[in-house]
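So you can see what is in the structure, the chains are spelled out below.
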Amino acid sequence: MWQYLSTSSSLVCNRISAWVLLLTLLCSVINNEPRARADAVDRLRPEKLQALHEAIESLKAQRHEVSLNSGFEDVRTVIHAHSGFSHDSRATIDEILVGAKEAGVRVIMFSEHPSNKYNYFVDGHRGTKQGVLLIPGAETGGFLAYPRTDIQSRKTDSPQAFADLVRSTGGLVFLSHLEERMDWEIANLTGTEIYNTHADVKNETRFMKSLYSPLTMISLANSIKQYPQEVFGALGDYPADYLQRYDQLCQKARLTGVAANDSHHNQVFRIKVVAGGAVQLEDALGEVIAKLDPEKFLPIKLLSAGKKPGDVIFELDLDPYGRSFRHVSTHLLLTEVNEQAVWNALSTGRAYVAFDWLADPTGFVYQAELGKQTWQVGSEVPLQTGLQLHAQSPYAGPFRLIRDGKEVGCAQGTEFSYAVHAPGVYRLEVWLTLAGEERPWILSNPIYVRAK
Ligand SMILES: [Zn+2]
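In this report, we go over the structure that sits alongside the text. (Residues numbered from 1 in each chain as written. Predicted model: local features only at pLDDT ≥ 70, side-chain atom pairs only at ≥ 80, totals over all residues. Heavy atoms only, no water.)

1. With respect to the nonpolar core
And step 1. Membership of the largest hydrophobic core comes to 68 residues, with the highest contact counts inside it found for Phe143, Phe364 and Tyr366.
And step 2. Those residues within four positions of phenylalanine 364 in sequence are excluded, and the remaining contacts are Asp74, Tyr352, Ala391, Gln392, Ser393, Pro394, Phe399, Leu428, Val430, Ile442 and Ser444.
And step 3. With 30 residues, the next largest nonpolar core counts Val41, Tyr227, Ile271 and Leu281 among its residues. (Core = buried A, V, L, I, M, F, W, Y, C linked by side-chain atoms within 4.5 Å. Buried < 20%, exposed > 50% of the residue type's maximum accessible area, 1.4 Å probe, protein only. Contact = heavy atoms within 4.5 Å.)

2. With respect to the sheet that holds strand S10 (residues 268-273)
And step 1. Read from one edge to the other, the open sheet built from four strands follows the order S12-S11-S10-S13, with strand pairing classed as antiparallel. If you trace the sheet from one side to the other, it starts and ends with strand S12 (288-292) and strand S13 (312-317), each paired once. Across the sheet, the mean angle from the axis of one strand to that of its neighbour is 15°, orientation sign disregarded.
And step 2. Examined bridge by bridge, strand S11 (residues 279-283) and S12 share four bridges and lie antiparallel to one another. Among the inter-strand pairings, leucine 281 is bridged to a residue of S12, identified as alanine 290. (Pairing = 2+ DSSP bridges. Helix = DSSP H or I, 4+ residues; strand = E, 2+ residues; numbered from the N terminus. Axes fitted to C-alpha atoms, helices over the stretch in contact; angles between N-to-C directions.)

3. Remarks on the pairing of strand S15 (residues 351-354)
And step 1. Of the two faces of S15, the one holding Ala351 and Val353 and the one holding Tyr352 and Ala354 are both buried throughout.
And step 2. In this sheet, S15 lies alongside strand S14 (residues 329-334) in antiparallel orientation, the contact comprising four bridges. Bridge assignment links serine 329 to a residue of S15, and that residue is alanine 354.
And step 3. Bridge count between S15 and strand S22 (residues 437-444): three bridges; the pairing is antiparallel. Bridge assignment links tyrosine 352 to a residue of S22, and that residue is serine 444.

4. A look at the coordination of the zinc ion
Ideal values differ by geometry: the angle at a metal is 109.5 degrees with four tetrahedral donors, but 90 or 180 degrees with six octahedral donors.
And step 1. Ligation of the zinc ion by protein atoms is provided by His80 (NE2), His82 (NE2), Glu139 (OE) and Asp262 (OD), these donors lying 2.1 to 2.2 Å from the ion.
And step 2. Classification of the site at the zinc ion rests on its four donor atoms, whose angles at the metal span 81 to 167°, yielding the label irregular.
And step 3. In primary sequence terms, the donor set of the zinc ion follows H-x1-H-x56-E-x122-D. With histidine 82 in the loop between strand S1 (73-81) and helix H6 (93-103) and glutamate 139 in strand S5 (residues 138-140), the pair connects residues that are 57 residues apart, well separated along the chain. Here histidine 82 matches glutamate 139 in class, with each residue buried. (Donors = N, O, S within 2.8 Å, 3.2 Å for Na, K, Ca; no water. Tetrahedral: all angles 85-135°; square planar, octahedral: opposite > 155°, others 65-115°.)

Here is the structure:
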């Protein structure tokens, strides 16, 4: 994730002198631009962050007991995470595990960028460490791949051949970064990303531009201290393009929808004092973006006064693991927490995506019912008289039922029921209204109702 921000960070640096000029002009992008829509820059206004934070806190008191029981354990899982094996992350497994514990994540499915310096399957993070199940995998050729044997050196001549190779090992394969491959028609997939944090950030052009301003940087650093999760979540939007494509694809094949956290912890900007009293701007990977002479820039001279080489005088840390893990996750309905159970849930769509930072959705149930018989999310169900779709969530929100890409039902509350009269692919969304803004909260996998 956030390679886009890396690119803009180098632009920021090329313009470092313009930065400081801007600083002296007391220009603030955040406060002066028109607000045509609730984009990130608008959401980052301090009063909005505060109002949202208070709304999230007060919502906690309204948690309802969910009486439906799926019969499975609801396990928060991160899919699509990078560690220091990947060229664009420096994270150790210990750092990642701290993030997992902060966010209540119990399974991490890694997606390293393959390289000849390591073998993602053989060397990758695996097994249970500090109570977190780790599963190695790769982000490669437009897929998230979780093979069950080592295939790193195996060459394939097409995306379809690669997907088939992963599946031939008993592995799982998901389309990744859907925005780059909306026209792909691949068979034999396990599923697709239905949300990707990095893709979500790409369209925040106004926010990206705002980073040219040093005042925005300083203001952001201050906001992050107070409202870290709200600042991260300001970049989050309903993934309409992903879901539109997902709805099309699901009419052809059962596909498990997952969230891609795309975590790297590589969006960190530090101004550090170096030998001789000079200072430099570095990124998370330790790369020097710009060298600065404090004598030429008064604000930096003031910040670096009395500091010694190695001291950090300013830091903007946008994406620590705990924060990007808490933002969104894929909830798997598991019989127990082990690799085989994860495989079973992902192979059958027993999963839903949730923006956990808004509210804890654990216990959400979406199932089909006929008398005493139930089918869990992800199931194929034969159409028959009396068939109902039934859901409960621990917080009240508008439920939106989508059939083959079109909304066919909507209700407010903590419970939703729908009498099914037509075959189709039915997926459910739950939204929350917080501080005056409706936000997507839960995006369920579908239930596939088939004509008899
Ligand atoms: Zn990635």
